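Summary of the model geometry
Each chain, written out:
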Amino acid sequence: MAAQSREGWAMSRRPPPPPLSDAPLAPGLYLVATPIGNLRDVTLRALDILAGADLILAEDTRVTGKLLAAYGISRPMARYDDHAGGRTAPRALALLEQGGRVALASDAGTPLVSDPGFPLAREAIARGIPVFAAPGPSAALAALSVAGLPADRFLFAGFLSPKSAARRRELAELAGIRATLILFEGGSRLKASLSDMAQVLGPRPAAVARELTKLHETVVRGPLDQLAADPVLDHPLGEVVIVIAPGREEVATADDADAALAEALTRLSPGEAASEVARALGLPRRELYRRALDLKGGG
Ligand code: SAM
């Protein structure tokens, strides 16, 4: 029977810890996603894998240790990051080759995504060792889902350079991509990054998702130039994902088409020039061909 509150409301009892699966864990390397803040975001399967692993590789054993302690799991752990991994990886790979089960967890979210693990996963694949994903939290996808921006086509670009000049160059490379952009950033650089983004990409709609799933979770949406000036985002602490809408498709004008055709006709036949310009400007070839003939004839 349900317990009752002092006011007489029926209250559900605190649920018991989730039962771990009895199913044996197949040998292989498991890439285990872990919470990006709220420890209850861990999946039941992630707990099964962590509890059943012969060895847990952790980006930071203290961070993963807290997760294990919260769910009463105790397994051998070793530190693994792409630098210290040089020492741990041979041991893990030897264990895997003997049919062991090894779980890799980063501090937060999905391993390998701006996190350690790629060299190990690549080597395991090269050696024919089974590699399994245990999908779950991902800061990039969590931010995309709450950004209020198109999510059907996106490009995750990780961290931009900490230096403004290099960052602007990187942004210029991303400017022409017809997809929503997802970028990681630390709170201390957020304002400087937003200001570079506004200057290079213009006032595109965007969202800043900060401290997702944590106590101070904030999502601020607006054009990049407004976000760059928003005092709510002045606080230098916290983890941040920036999501930016795709740039608007620029429609080529008749003058653009004429200029491109005139240049192409100095090198190509009217048919070839029409095809090249149609590809470059996204305009119908048939009309461009007619115009190319006119231009060629002095029209
Ligand atoms: N592999 C992780 C994942 O899949 O979420 C990302 C690791 S990367 C080293 C850390 C960056 O992820 C942070 O600088 C921030 O951009 C983003 N991030 C991680 N946790 C976050 C959170 N709770 N809220 C917002 N951004 C977060």
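All of the points below concern the structure found in this document. (Residues numbered from 1 in each chain as written. Predicted model: local features only at pLDDT ≥ 70, side-chain atom pairs only at ≥ 80, totals over all residues. Heavy atoms only, no water.)

**Section: the overall build of the chain**
When helices and strands are counted, the chain shows eleven helices and twelve strands. Relative to its length of 299 residues, the chain is extended, with a C-alpha radius of gyration of 26 Å against a globular reference of 19 Å. Its C-alpha atoms give the chain principal-axis dimensions of roughly 85 × 60 × 40 Å. Relative to its full complement of 299 residues, the chain shows a buried share of 40%. Within the chain, counting contacts between residues at least 6 apart in sequence, those at least 24 apart form 67% of the total. In the structure as shown, the chain presents an accessible area of about 16700 Å², 55% of it carried by carbon and sulfur atoms. (Helix = DSSP H or I, 4+ residues; strand = E, 2+ residues; numbered from the N terminus. Rg over C-alpha atoms; globule rule 2.2 N^0.38 Å. Buried < 20%, exposed > 50% of the residue type's maximum accessible area, 1.4 Å probe, protein only. Contact = heavy atoms within 4.5 Å. Areas by Shrake-Rupley, 256 points an atom, 1.4 Å probe, with all protein chains shown as cover.)

**Regarding helix α4 (residues 118-126)**
Note on helix geometry: an α-helix contains 3.6 residues per turn, so any two residues three or four positions apart are oriented the same way. Turning to α4, its buried residues are L120, A121 and A124. Projected onto a plane normal to the axis of α4, the buried residues spread over an arc of 95 degrees and lie on a single side. Those residues of α4 that are exposed and aimed more than 90 degrees away from the buried face are I125 and A126. (Arc of directions from axis to C-beta.)

**Some points on the packing of aromatic side chains**
As enumerated under the stated definition, the model contains three aromatic pairs in all. Ring plane angle 65 degrees and centroid distance 4.9 Å describe the contact between F156 and F184, whose orientation is recorded as edge-to-face. Here F184 lies in strand β9 (residues 180-186) and F156 lies in strand β8 (residues 154-159), a separation of 28 residues in the sequence. By relative accessible area, F156 is classed as partly exposed at 31%. By way of ring pairs, the aromatic residues F156, F159 and F184 are connected into one cluster. The ring of Y289 has R285 lying over it, and the distance from NZ or CZ to the ring centre is 5.4 Å. (Phe/Tyr/Trp six-rings, centres within 6.5 Å; stacked < 30°, edge-to-face > 60°. Lys NZ or Arg CZ within 6 Å of the ring centre and 35° of its normal.)

**Here we look at helix α2 (residues 61-70)**
Looking only at α2, the buried set comprises T64, L67 and L68. Along α2, the residues classed as buried sweep out an arc of 100 degrees about the axis, all on the same side. In α2, those exposed residues whose orientation departs by more than 90 degrees from the buried face are R62, K66 and A69. Those residues of α2 that are buried lie in contact with α1 (44-52), β4 (55-58), β5 (77-79) and β6 (101-105). By the N-cap criterion, in which a side-chain oxygen at the helix start approaches the backbone nitrogen of a residue two or three places on, α2 is capped by D60, the distance to R62 being 2.9 Å. Where α2 terminates, the next one or two residues include G72, which has phi positive at roughly 65 degrees. (Polar contact = N/O pair within 3.5 Å; in protein donor to acceptor, adjacent residues only side chain to side chain.)

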